[in-house]
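Examining the three-dimensional arrangement
Take a look at the letters that make up each chain.
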Amino acid sequence: MIYELQNTDKVKHLFEGWEETLIYSCLQKVMGKVYVTDMENPKSAFAFVGCFGFFAGEPDRELVLNKPDGFVIVAAQTEMWEQLIEESFPSAKRVSRYAIKKNTSFDRSLLEKNLQMLPEGYELKKIDADIYDQCLRNPVTADFVSAFENKEQYLSIGRGMVITKDGSIVAGASSYTRYKEGIEIEVDTVAEERRKHLATIVCSALILNCLDDGLYPSWDAQNMNSVHLAEKLGYEYDHEYTAYELADDMRTH
């Protein structure tokens with residue numbers, strides 16, 4: 001039986017040393033959920049928020065098989081967990097992701113200089129109630145806000161910036177998730193507007209916004225292009241790690 005754990009203090013030790021802010025979001029009960037098979041003395045746990053999940057503790061096949069519906073990206077604490085994921089979902093796509101260090105000291109002057117690259121005819125805007133609705137209309141921008149329960153939660157604890165052209169969103173950087181001390185950044189640019197430094201500009205604006213409010217803007221990279229963008233903004237690469245992309249048609253039960 002799978003249970004949603006309310007007292008997340010019971011599993012904090014299982015995730016100890018795993019510097020992943022999406023896990024912090026779940027353990028701090030800011031957003032996301034933690035699942036276990038033993039409510040009283042859990043030896044395994046699955047933290048899940050947005051479309052990301054993290055397995056910790058003793059490998060547990062029941063936890064793995066009961067992944068949430070839809071497309072999910074999961075990472076595991078040990079090779080034994082990874083083996084269990086591969087056995088349970090033979091069609092799982094094994095991918096590399098890239099962790100970025102969490103203790104960046106940003107150069108504000110560099111970030112402010114980046115804002116000056118905004119091309120004529122483009123506007124930099126905060127994600128407010130109207131922009132929130134606009135984000136949901138396009139698959140490219142939906143992830144800026146979709147991990148939050150609703151608009152009210154995003155406007156209360158989330159934050160983001162977009163660049164618009166002729167009234168349409170062409171690039172954005174936003175809080176994919178929120179934890180007490182900061183956010184996890186989600187960034188994207190529509191295909192036809194890439195290579196215009198828009199991602200650099202909009203990320204710089206969001207990072208400055210976070211720094212003004214004492215929040216840390218955490219970054220995790222899907223690919224090396226994301227790593228290079230992070231480094232341009234002042235972040236430092238940490239390490240490569242393994243994740244798995246799972247879909248509903250991969251179930252084996």
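Residues numbered from 1 in each chain as written. Predicted model: local features only at pLDDT ≥ 70, side-chain atom pairs only at ≥ 80, totals over all residues. Heavy atoms only, no water.

A short note on the sheet that holds strand 11 (residues 216-218)
- If you walk across this open sheet you meet the five strands as 7-8-9-10-11, and the pairing is mixed. At either end of the open sheet lies a strand with only one pairing partner, and these are strand 7 (122-126) and strand 11. For this sheet, the mean angle separating the axes of adjacent strands, direction not counted, is 25°.
- In the sheet, strand 7 pairs with strand 8 (residues 160-165) via five bridges, with the strands oriented antiparallel. (Pairing = 2+ DSSP bridges. Helix = DSSP H or I, 4+ residues; strand = E, 2+ residues; numbered from the N terminus. Axes fitted to C-alpha atoms, helices over the stretch in contact; angles between N-to-C directions.)

A short note on unusual backbone geometry
- Phi is positive for K29, close to 60°, though the residue is something other than glycine.
- Structurally, K29 is set in the loop between helix 1 (21-27) and strand 2 (33-36).
- With phi around 65°, R195 is a residue other than glycine that occupies positive phi space.
- Of the residues examined, R195 reaches a relative accessible area of 84% and is grouped as exposed. (Buried < 20%, exposed > 50% of the residue type's maximum accessible area, 1.4 Å probe, protein only.)

Concerning the pattern of salt bridges
- Overall, the coordinates contain 15 salt bridges when judged by the stated rule.
- R97 is the salt-bridge partner of D220, the closest N and O atoms lying 3.1 Å from each other. In this pair, D220 sits in strand 12 (residues 220-221) while R97 sits in strand 6 (residues 93-100), placing the two residues 123 residues apart along the sequence. Each member of the pair, D220 together with R97, is buried.
- Salt-bridge contacts for E236 lead to K101; the nearest nitrogen and oxygen are separated by 4.0 Å. With E236 in the loop between helix 9 (224-232) and strand 13 (237-246) and K101 in the loop between strand 6 and helix 4 (108-115), the pair connects residues that are 135 residues apart, well separated along the chain.
- For K101, a relative accessible area of 31% puts it in the partly exposed group. (Salt bridge = Lys/Arg side-chain N within 4 Å of Asp/Glu carboxyl O.)

Describing the pairing of strand 9 (residues 168-179)
- Here strand 9 lies mainly inside the structure; 11 of its 12 residues are buried.
- Counting the residues that bridge the hairpin from strand 8 to strand 9 gives two residues, and of these D166 lies at a positive phi of roughly 55°.
- As paired elements, strand 9 and strand 10 (residues 182-189) share eight bridges and run antiparallel to each other. The residue of strand 10 that forms the bridge with R178 is I183.

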